[in-house]
Amino acid sequence: MSTTIELRFPAGRFHANPWGRHVNEAATEWPPSPWRLLRALIWVWKNKAHDLLTTTEAEELFRALAETSPSFHLPCATQAHTRHYMPWSKNWPTLKEKAKTRIFDAFMVINRNDAVSMTWPFDLN
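Residues numbered from 1 in each chain as written. Predicted model: local features only at pLDDT ≥ 70, side-chain atom pairs only at ≥ 80, totals over all residues. Heavy atoms only, no water.

## Comments concerning the nonpolar core
At step 1: With 15 residues, the main nonpolar core has Leu 7, Phe 9, Phe 14 and Met 118 as its most contacted residues.
At step 2: At the level of elements, helix 1 (34-48), helix 2 (55-67), strand 5 (99-110) and strand 6 (115-120) are the ones that each hand at least two residues to this core.
At step 3: Ignoring any residue separated from it by four or fewer positions in sequence, one finds Met 118 in contact with Thr 3, Thr 4, Ile 5, Leu 7, Pro 32, Ser 33, Pro 34, Leu 37, Pro 70, Ser 71 and Phe 72. (Core = buried A, V, L, I, M, F, W, Y, C linked by side-chain atoms within 4.5 Å. Buried < 20%, exposed > 50% of the residue type's maximum accessible area, 1.4 Å probe, protein only. Helix = DSSP H or I, 4+ residues; strand = E, 2+ residues; numbered from the N terminus. Contact = heavy atoms within 4.5 Å.)

## Thoughts on the packing of aromatic side chains
At step 1: One pass over the structure, following the stated rule, counts four aromatic pairs.
At step 2: Taken together, a centroid distance of 6.1 Å and an interplanar angle of 65 degrees make the contact between Trp 45 and Phe 62 edge-to-face. Highlighted residues: Trp 45 in helix 1 and Phe 62 in helix 2, separated in sequence by 17 residues. Both residues of the pair, Trp 45 and Phe 62, count as buried. (Phe/Tyr/Trp six-rings, centres within 6.5 Å; stacked < 30°, edge-to-face > 60°.)

## Quick look at unusual backbone geometry
At step 1: Here Trp 30 and Pro 31 are connected by a cis peptide whose omega angle stands at 0 degrees.
At step 2: Along the polypeptide, Pro 31 turns up in the loop between strand 2 (13-14) and helix 1.
At step 3: Even without being glycine, Ala 26 reaches a positive phi, approximately 65 degrees.

## Comments concerning helix 2
Helical geometry: 3.6 residues make up each α-helical turn, so side chains three or four residues apart lie on a common side.
At step 1: With 13 residues, helix 2 should cover 18 Å at 1.5 Å per step; its first-to-last C-alpha distance of 18 Å lies within 8% of that length.
At step 2: Taken as a whole, helix 2 has its buried residues at Ala 58, Phe 62 and Leu 65. Looking down the long axis of helix 2, one finds its buried residues gathered within 60 degrees of arc, a one-sided arrangement. Of the residues in helix 2, the exposed ones pointing more than 90 degrees away from the buried face are Thr 56, Glu 60 and Glu 67.
At step 3: Its buried side turned inward, helix 2 meets helix 1 and strand 6. (Expected span 1.5 Å × (residues − 1). Arc of directions from axis to C-beta.)

## Focus: helix 1
At step 1: For helix 1, with 15 residues, the first-to-last C-alpha span of 20 Å sits near the 21 Å given by 1.5 Å per residue.
At step 2: Burial in helix 1 covers these residues: Leu 37, Leu 38 and Trp 45. Buried residues along helix 1 cover an arc of 100 degrees about the axis, so they all sit on one side. Of the residues in helix 1, the exposed ones pointing more than 90 degrees away from the buried face are Lys 46 and Lys 48.
At step 3: On the buried face of helix 1, the contacting elements are strand 1 (3-8), helix 2 and strand 6.

## A look at the pattern of salt bridges
At step 1: Counted according to the given criterion, the structure contains three salt bridges.
At step 2: A salt bridge links Glu 6 to Arg 8, with the shortest nitrogen-to-oxygen separation between them at 3.1 Å.
At step 3: Residue classification places Arg 8 among the partly exposed positions, given a relative accessible area of 47%.
At step 4: The partner of Arg 36 in a salt bridge is Glu 29, with the nearest N and O atoms 2.8 Å apart.
At step 5: Given the relative accessible area of 10%, Glu 29 is considered buried. (Salt bridge = Lys/Arg side-chain N within 4 Å of Asp/Glu carboxyl O.)

Everything listed here is a matter of coordinates, which is why it stays silent on function.
Take a look at the structure:
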């Protein structure tokens, strides 16, 4: 038995910076880290589904997901980025001395119909 979670990206993009990397390095996290998914699941449980699982049940679930690394099935993806030049001034808001700062927005491009599958080698039922 196994447990699989599929992640879909309706916009065809996955924006995430790897742990320990600066946001403006144009580096992207691929595949999505299990830690990122687990953090999102904990947020959903605490804020939207707290009445569906007791704290003990939730802790057992999250511990099981955290203790074992999943295997991945990854669709084809391409790393891309956009560059934006943002106005910046030490004299904001007067903008007497104008300068431009380059900002990278890095992401992975994925077919909207494809999914990333994360599979753990145990059954959560």
